[in-house]
Amino acid sequence: MHLIWEAFLALVAVVLVGVLLATEPGGAMTSVLRQAGAIGLVAAGFSLSLRTGTPNLAVGALAGFTGGLAAYLSFNQGWSVPVAMTAGVAAAVGIGVVLGMLIGALSVPAWAATLGAAVIIEAAIIGVTDGRSTFARITSDYPTGTWFGLFLLVSIGGGLLWLIPGVRQRLSAVRRLGEPGRWGGLRLGLGALVGLTGSSFLAGLGGVAQLSLVRIADPQGGQFLVFLALAAVLLGGTSVFGRRAGVTGTASAVMIILVARILFLVNGVPGWVANLFVGLMILVGLGASRGLESVTDALNATRNAPAPAGTGV
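Residues take numbers from 1 onward in each chain, read along the sequence in its written order. Per-residue local features are limited, in this predicted model, to residues with pLDDT of at least 70; the limit for side-chain atom pairs, both in listing and counting, is 80 or more; totals at the level of whole chains, interfaces and linings are taken over all residues. Processing note: side-chain calculations cover all non-hydrogen atoms of the structure and skip hydrogens and water entirely.

Sorry, what's going on with the overall build of the protein chain here?
Helix and strand labels come from DSSP, where a helix needs a run of H or I of at least four residues and a strand needs a run of E of at least two; each type is numbered from the N terminus. Across its full length, the protein chain carries 11 helices and 2 strands. Order of helices (α) and strands (β) in the protein chain, N terminus to C terminus: α-α-α-α-α-β-α-α-α-β-α-α-α. Within these notes, the globule rule equals 2.2 Å times the number of residues to the 0.38 power, and the radius of gyration is based on C-alpha atoms. Taken over the C-alpha trace, the protein chain has a radius of gyration of 20 Å; the compact-globule value for 313 residues is 20 Å, and the two agree within 12%. Only protein chains enter the area calculation, which uses a 1.4 Å probe; residues under 20% of their type maximum are buried, those over 50% are exposed, and those in between are partly exposed. Counting over 313 residues, the protein chain shows a buried share of 47%. Throughout, a residue-residue contact means that at least one pair of heavy atoms, one from each residue, lies within 4.5 Å. Once local pairs closer than 6 in sequence are excluded, the contacts in the protein chain between residues at least 24 apart make up 82%. Accessible surface, the protein chain as shown: approximately 14,300 Å² in total, 70% of it carbon and sulfur. The protein chains shown are the only cover counted for residues, whose accessible areas, like all others here, come from Shrake-Rupley with a 1.4 Å probe.

What is the right way to read the side chain of Ser-212 from this model?
Structurally, Ser-212 is set in helix H8 (residues 189-214). Residue class for Ser-212 comes out buried when judged on its relative accessible area of 11%. With residues near it in sequence (within four places) discarded, Ser-212 still touches Met-85, Ile-138, Tyr-142 and Trp-147.

What should I look at first to understand the nonpolar core in this one?
As used in this record, nonpolar core signifies buried Ala, Val, Leu, Ile, Met, Phe, Trp, Tyr and Cys residues forming a set joined through side-chain atoms within 4.5 Å. One finds Leu-20, Val-32, Leu-211, Met-255 and Ile-257 to be the most contacted residues of the largest nonpolar core, which totals 79 residues. With 12 residues, helix H2 (residues 28-51) is the largest single contributor of residues to this core. Aside from chain neighbours lying at most four places away, what touches Met-255 is Ala-13, Val-17, Met-29, Val-32, Leu-33, Ala-36 and Phe-148.

I'm lost on the environment of Leu-150 in this one. Help?
Note that Leu-150 resides in helix H6 (residues 144-162). The spacing of Leu-150 and Leu-3 is 147 residues in sequence and 23 Å in space, taken between C-alpha atoms. For Leu-150, the residues in contact, after removing those within four places along its chain, are Leu-41 and Leu-205.

Just checking my understanding: could you explain helix H1 (residues 2-23) for this structure?
In an α-helix, one full turn covers 3.6 residues, which means residues spaced three or four apart are oriented alike. Given the number of residues in a helix, its expected span is that number minus one, multiplied by 1.5 Å. Between the first and last C-alpha of H1 there are 31 Å, a value that for 22 residues agrees with the 32 Å anticipated at 1.5 Å per step. Taken residue by residue, H1 has His-2, Glu-6, Leu-9, Ala-13, Val-17 and Leu-20 as its buried positions. Looking down the long axis of H1, one finds its buried residues gathered within 75 degrees of arc, a one-sided arrangement. Along H1, the residues that are exposed and aim more than 90 degrees away from the buried face are Ile-4, Leu-11, Val-14 and Ala-22. By construction, the arc corresponds to the directions joining the helix axis to the C-beta atoms.

Can you help me understand unusual backbone geometry in this one?
Despite not being glycine, Ser-107 has its phi angle at roughly 55 degrees, a positive value. As for its placement among the helices and strands, Ser-107 is situated in the loop between helix H4 (81-106) and helix H5 (110-129). According to the relative accessible area criterion, Ser-107 is partly exposed, its value standing at 22%.

Would you take a moment to explain the environment of Ala-43 for this structure?
Looking at the element boundaries, Ala-43 is found in helix H2. The class of Ala-43 is buried, set by a relative accessible area of 0%. It is 9.6 Å that separates the C-alpha atoms of Ala-43 and Phe-227, two residues lying 184 residues apart in sequence. Sequence-distant contacts of Ala-43, defined by excluding residues within four places in its chain, comprise Ala-229, Ala-232, Val-233, Thr-250 and Val-254.

Quick question: what am I supposed to make of a nonpolar patch on the surface here?
Patch members must show over 30% relative accessible area and no salt bridge, and they are joined within 9 Å when carrying like charges or within 5 Å when they are nonpolar side chains of Val, Leu, Ile, Met, Phe, Trp or Tyr. For this document, the term salt bridge refers to a Lys or Arg side-chain nitrogen within 4 Å of an Asp or Glu carboxyl oxygen. A contiguous nonpolar patch, built from Val-240, Phe-241, Trp-272, Leu-276, Leu-280, Leu-283 and Leu-286 and spanning about 690 Å² of accessible area, is present on the exposed surface. By the element assignment, Leu-283 lies in helix H11 (residues 271-304). Under the relative-accessibility criterion, Leu-283 is labelled exposed at 57%.

Where do I start with the packing of helix H3 (residues 59-75) against H4 in this structure?
The geometry of a pair of packed helices is captured by two quantities: the angle between their axes and the separation between those axes. Angles here are taken between N-to-C directions and fall from 0 to 180 degrees, while the axes themselves are lines fitted to C-alpha atoms, restricted in helices to the stretch in contact. Packing of H3 against H4 leaves a shortest axis separation of 8 Å and a crossing angle of 145 degrees. The handedness of the crossing between H3 and H4 comes out as right-handed. Listed contacts from H4 to Leu-62, Phe-65, Thr-66, Leu-69, Ala-70, Leu-73 and Ser-74 of H3 are Val-81, Ala-84, Met-85, Ala-87, Gly-88, Val-89, Ala-91, Ala-92 and Ile-95. In the contact of H3 with H4, the residues fall into 13 nonpolar, 3 polar and no charged. In this scheme, a crossing is called left-handed if the near helix is turned counterclockwise away from the far one by less than a right angle; it is called right-handed if the turn is clockwise. Each residue is assigned to one class: nonpolar for Ala, Val, Leu, Ile, Met, Phe, Trp, Tyr, Cys and Pro, charged for Asp, Glu, Lys and Arg, and polar for all the others, Gly among them.

Quick question: what am I supposed to make of the pattern of salt bridges here?
For side chains bearing opposite charge, pairing can occur when the charged atoms are close. By the definition in use, this model includes 3 salt bridges. Here Arg-244 makes a salt bridge to Glu-293, at a shortest N to O gap of 2.8 Å. With Arg-244 in the loop between helix H9 (223-235) and helix H10 (249-266) and Glu-293 in helix H11, this pair connects stretches of sequence that are 49 residues apart. In this structure, Arg-244 and Glu-293 share a single accessibility class: buried. Judged by relative accessible area, which is 17%, Arg-244 ranks as buried. Through salt bridges with shared partners, a single ionic network connects Arg-244, Glu-293 and Asp-297.

What am I meant to see in the packing of H2 against H10 here?
The interhelical angle for the contact between H2 and H10, taken along N-to-C directions, is 135 degrees, at an axis separation of 9 Å. As far as their axial angle goes, H10 and H2 are oblique. H2 and H10 meet at a crossing whose hand is right-handed. Residue-level inspection shows Ala-28, Met-29, Ser-31, Val-32, Leu-33, Gln-35, Ala-36, Ile-39, Gly-40, Ala-43 and Ser-47 of H2 in contact with H10, the latter providing Thr-250, Val-254, Met-255, Leu-258, Val-259 and Ile-262. Relative orientations are named as follows: roughly parallel for angles under 35 degrees, roughly antiparallel for angles over 145 degrees, roughly perpendicular for angles from 65 to 115 degrees, and oblique for any other angle.

Explain the side chain of Thr-66 here, please?
Among the structural elements, Thr-66 can be located in helix H3. Non-local contacts of Thr-66, meaning those with residues more than four positions away in its chain, are made with Gly-88, Val-89, Ala-92, Gly-204 and Val-208.

What follows is the structure, encoded as structure tokens:
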């Protein structure tokens, strides 16, 4: 079922790209690819956290924090840009480790813990930068192909890795039956640690990619990234309940959303309509998640049903 859904998404993405190229032969498609690298890495990070059953709603704040910290260190403290970016990503990874250990040890819902963390992270970077946008001393051109290729590698490569039953079952053990408030034990903490650390790392990479693209860091600029990531991941077929996911869905969904938003922009559609579209994609993604779960359960029940007596099977 995931293959069928992903084939449909790929077809929609190809059609939208074709429409964009036919109507806007200039740099519109280049703009999509430039944005897709940064936003796609954040979405890939959120997809990882959702696969492990520990949705990281702090990915947007982490991306904004990483970009803001890197810009502050390079512009205000005189650090070289590569070192400042490395420090920003390292800080994001450290935050992810702490969140993963906390959630794994306490067996609490990741969405609640990371939502609270997002508020703290954003407040921290606002405090560091005094709430002002900060320029980064970046002189090199934005490597569109590098960031977009990295996004595809991480998103599709991670999806292929997730097809391995041992990896999928071990890291998504948080998806279990029974009383949800019962302490799950430290065994379930591995998925939380991998999901939160990995998603924070990818969000940090997305943050420095965004900084490389726009060359200015807005301390509150990561808020909407959460909604874009959520829309892309759910529309891409990653289950809102964890564990179940496809391979190419997130990549196709990122392209669908970004191309659609560019088409809105070049055709003079108001900004609130573009934001409304993202919200609608979240709801469509929830419907897709429910449908994929139900059909997969039905197919599994049929496949695992005992053979009728006397069939010799």
